[in-house]
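Chain residues, written in single-letter form:
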Amino acid sequence: ESVWVRGTSLKTLVKINPAVGRAHAIQILQLPSSLLFRYAIVSLASLGGKDDLERIAPFMESADIKTTIDTLDALGNLAPEQFSSNLFERLHRILLRADPGATSQIAGLVEKFKWRDFSDNLAMVYRKFPAPDSVETKISILHALEVIGNSAQLPLLEEALKDPERLIVEASVAAIRAITGK
């Protein structure tokens, strides 16, 4: 069987029999080299229980960026009230690492859940991404600032208007309009 088939089966097992699926996913998490490791993280996140989320929380800060991104991506399916203070603290720490992929994932979560307390950190991290290497990450940050930004981010957004990349300029214009109403 392929890894994809086994991973999909694990996610299905968690849906149809949460107790058995949870136990199996927890076993897999004991083996970081398992090809099903990231599927186990996603499976536990899909259960959304407090203990399940606390169990996967350390993987948000994994040295393996693919594991970090998969964990962050899995959190996008949660309801806002499922995020504990521990998860928020970890999100802020990860954001400050300024990894392009993780930053894009967090900006997406911030935009989706309208978490205003991330606006200053997003603006600070934005400056750590040199053009043109990080266009997608910068656009993700600008889209989040369009939703949660405030007047404190206007200098950054006005600076972004000078970027040679048209998509960055467009995202900055949209953020400025959302913040100023103009």
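The rules behind each value
Residues numbered from 1 in each chain as written. Predicted model: local features only at pLDDT ≥ 70, side-chain atom pairs only at ≥ 80, totals over all residues. Heavy atoms only, no water. Helix = DSSP H or I, 4+ residues; strand = E, 2+ residues; numbered from the N terminus. Expected span 1.5 Å × (residues − 1). Buried < 20%, exposed > 50% of the residue type's maximum accessible area, 1.4 Å probe, protein only. Arc of directions from axis to C-beta. Contact = heavy atoms within 4.5 Å. Axes fitted to C-alpha atoms, helices over the stretch in contact; angles between N-to-C directions. Parallel < 35°, antiparallel > 145°, perpendicular 65-115°, else oblique. Left-handed = near helix turned anticlockwise from the far one by under 90°. Phe/Tyr/Trp six-rings, centres within 6.5 Å; stacked < 30°, edge-to-face > 60°. Core = buried A, V, L, I, M, F, W, Y, C linked by side-chain atoms within 4.5 Å. Salt bridge = Lys/Arg side-chain N within 4 Å of Asp/Glu carboxyl O.

S.K.: Can you break down helix α2 (residues 18-29) residue by residue, with the values?
M.R.: Look at α2: 16 Å from first C-alpha to last across 12 residues, which is about the 16 Å you get at 1.5 Å a residue. Among the residues of α2, those classed as buried are Gly 21, Ala 25, Ile 28 and Leu 29. Seen end-on, α2 carries its buried residues on one side only, within an arc spanning 100°. In α2, those exposed residues whose orientation departs by more than 90 degrees from the buried face are Ala 19 and Gln 27. Buried residues in α2 make contact with α1 (3-16), α3 (37-47) and α4 (50-56).

S.K.: Report on the packing of helix α6 (residues 85-97) against helix α8 (residues 119-126), specifying residues and quantitative values.
M.R.: For any two helices packed against each other, the geometry comes down to the angle between their axes and how far apart the axes lie. With their axes 9 Å apart at the nearest point, α6 and α8 run at an angle of 15° to one another. With respect to their mutual orientation, α6 and α8 come out roughly parallel. With respect to the hand of their crossing, α6 and α8 are arranged in left-handed fashion. Of the residues in α8, those touching α6 at His 92, Leu 95 and Leu 96 are Asn 121, Leu 122, Met 124 and Val 125.

S.K.: I'd love a proper account of the packing of aromatic side chains, names of residues and values included.
M.R.: Following the criterion strictly, the structure yields eight aromatic pairs and no others. Measuring from centroid to centroid gives 6.4 Å for Phe 88 and Phe 118, while their planes differ by 45°, and the two rings are tilted. Taken together, the positions of Phe 88 in helix α6 and Phe 118 in the loop between α7 (100-113) and α8 put the pair 30 residues apart, joining distant regions of the chain. The structure contains a cluster of three or more aromatic residues connected by ring pairs, namely Phe 83, Phe 88, Phe 113, Trp 115 and Phe 118.

S.K.: Run through the nonpolar core, naming residues and quoting values.
M.R.: Ile 56, Leu 75, Leu 91 and Leu 122 are the most contacted members of the largest nonpolar core, which totals 54 residues. In terms of residue count, the dominant contributor to this core is helix α9 (residues 135-148) (seven residues). Setting aside its immediate chain neighbours within four residues, Leu 122 contacts Leu 95, Ala 107, Val 110, Ile 141, Ala 144, Leu 145 and Ile 148.

S.K.: Outline helix α5 (residues 65-75), supporting the account with residue identities and numerical values.
M.R.: For α5, the complete set of buried residues consists of Thr 67, Thr 68, Thr 71, Leu 72, Ala 74 and Leu 75. Projected onto a plane normal to the axis of α5, the buried residues spread over an arc of 160° and lie on a single side. The inward-facing, buried residues of α5 abut α3, α4, α6 and α7.

S.K.: So what about the pattern of salt bridges? Which residues, and what values?
M.R.: Counted according to the given criterion, the structure contains eight salt bridges. For Asp 52, the salt bridge is made with Arg 22, and the minimal N-O distance between the two is 2.7 Å. In this pair, Asp 52 is assigned in helix α4 and Arg 22 in helix α2, connecting sequence segments 30 residues apart. Using a relative accessible area of 4% as the deciding quantity, one classes Asp 52 as buried. Take Arg 22: its relative accessible area is 28%, and that puts it in the partly exposed class. Notably, a salt bridge pairs Asp 163 with Lys 138, separated by 3.3 Å at the nearest N-O pair. Placement of Asp 163 in the loop between α10 (154-160) and α11 (166-180) and of Lys 138 in helix α9 is noted, with a sequence separation of 25 residues between them. Take Lys 138: its relative accessible area is 5%, and that puts it in the buried class. Bridged by salt links that share partners, the residues Arg 38, Asp 64 and Asp 70 form one connected network.

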